[in-house]
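Take a look at the letters that make up each chain.
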Amino acid sequence: MNIKKFFTLILLTYFLAILSVLIFLIPVLFNLYNSAEEKLIRYQLKKIKNNNYNTIFLGDSSLGNLIDANQWEKLSNNSTGNLALFGVTSFYGAYKMLKKEEFNELKNIYVVSSIDAWNRSKSSVDPYFIISENKIKKIFSVLNSRDFRNISKLYLNFLNEKMGLNIDAFQIKTKLQNDYIIQNLSYKLPKNIPSEFKFRLLDDKVFYLKKIFKICEEKNLNCIFMNGIIYEKFCEHTGYSEFLVNLENLLSKNRINYLENKTCLPYEMLGDAYDHLHPQYKVEFTNKFYRLIEKN
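This section reports on the structure supplied with the text. (Residues numbered from 1 in each chain as written. Predicted model: local features only at pLDDT ≥ 70, side-chain atom pairs only at ≥ 80, totals over all residues. Heavy atoms only, no water.)

**A look at the pairing of strand β6 (residues 222-227)**
Threshold: We call a residue buried when its accessible area falls under 20% of the maximum for its residue type, exposed when it is over 50%, and partly exposed in between, using a 1.4 Å probe and counting protein chains only. Secondary structure elements follow DSSP: runs of H or I no shorter than four residues count as helices, runs of E no shorter than two count as strands, and numbering proceeds from the N terminus. Strands were regarded as paired on the criterion that DSSP finds at least two bridges between them.
Within β6, five of the six residues are buried, leaving the element largely enclosed by the surrounding structure. In this sheet, β6 lies alongside strand β3 (residues 108-113) in parallel orientation, the contact comprising six bridges. Looking at β6, one finds that Y110 is bridged to I224.

Shown next as structure tokens:
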């Protein structure tokens with residue numbers, strides 16, 4: 001290959017790469033990007049502004065599908081809000097919300113997270129970037145979250161509507177139901193977990209969780225961290241017990257108040273993910289988690 005052809009190939013590669021990025025960002029630039037994350041964050045912030053909560057729950061989708069705030073409020077006689085975000089925003093999103101919003105009557109913070117959260121590297125996806133009207137910030141939030149799946153869905157949804165394909169899998173479902181994003185219960189989870197699955201505990205994940213508990217200490221709040229529910233086959237995994245011991249040690253070392261709980265569920269009680277409770281059991285498990293905290 002001569003030098004001229006080589007440089008032409010390099011320039012063509014760069015051009016195609018830039019074109020791909022621009023196509024990817026079209027939904028953001030023209031306000032077509034209305035992800036489930038954005039809808040949920042706006043919903044949660046509106047709840048904070050309209051309520052003076054005594055108790056808040058912070059965490060990921062495992063929490064959003066687990067705790068019924070109205071039921072908790074009845075049990076505790078404390079104004080309660082379930083402010084669960086997504087796994088992609090992780091503990092950082094909860095920390096930002098806690099720092100930026102006003103909670104004048106706050107007494108209790110319960111952080112609930114899937115054990116899968118500890119498999120993921122530390123997230124710095126800012127929920128306030130996701131809902132920002134500033135397009136540059138939105139672009140960064142989309143790129144930082146690596147939300148390629150939702151962007152791809154936007155294009156598939158567009159083609160689905162314009163071409164009249166009526167393919168259910170291409171439709172974007174971001175409806176809120178029962179105080180969280182509605183589950184896709186038509187999806188059938190595989191009964192066997194991936195054979196290559198390994199429990200991992202990434203130490204840097206504790207960084208923002210530690211900051212949340214620092215706020216608790218400064219404001220003299222009652223704060224507890226708990227694990228969410230998980231499919232029983234994960235609990236039968238050889239690495240599960242060791243993972244829980246390592247998690248307890250990590251949280252203890254970082255002065256995070258941890259209430260150990262093993263909530264391993266049969267397949268029939270799961271929703272659309274291994275750490276999502278089926279909606280019909282939400283009140284029942286709210287009662288169970290309330291008793292767990294009261295006992296301790």
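**A short note on the nonpolar core**
Put simply, the rule reads: By nonpolar core is meant a set of buried Ala, Val, Leu, Ile, Met, Phe, Trp, Tyr and Cys residues that side-chain atoms within 4.5 Å join together. Whether two residues are in contact is decided by their heavy atoms, any of which lying within 4.5 Å being enough.
I109, W118, L209 and F225 are the most contacted members of the largest nonpolar core, which totals 73 residues. Of all the elements, helix α9 (residues 206-218) adds the most residues to this core, at seven residues. Those residues in contact with L209 that lie beyond four places of it in its chain are F91, V111, W118, F225, L251 and I256.

**Quick notes on the environment of L83**
Along the polypeptide, L83 turns up in the loop between β2 (80-82) and α5 (90-100). On the basis of relative accessible area, L83 is assigned to the buried category, the value being 1%. As for L83 and D60, which are separated by 23 residues in sequence, their C-alpha atoms are 8.9 Å apart. In contact with L83, other than residues within four places in its own chain, are Q44, K47, I48, Y53, I56, F57, L58, M97 and F103.

**Observations regarding the environment of Y92**
Within the secondary structure, Y92 is located in helix α5. Exposure remark for Y92: the relative accessible area of 13% places this residue in the buried category. Separated by 117 residues in the primary sequence, Y92 and L209 have C-alpha atoms spaced 7.6 Å apart.

**Considerations on the sheet that holds β2**
Put simply, the rule is: In this analysis an axis means a line fitted to C-alpha atoms, helices contributing only their contacting stretch, and an angle means the value between N-to-C directions, from 0 to 180 degrees.
On the basis of which strands lie adjacent, the open sheet formed by four strands has the order β2-β1-β3-β6 and parallel pairing. At either end of the open sheet lies a strand with only one pairing partner, and these are β2 and β6. Between one strand axis and the next, the sheet turns by 15° as a mean value, whatever way the strands run. Relative to β2, strand β1 (residues 55-59) runs parallel, the two being bridged by three bridges.

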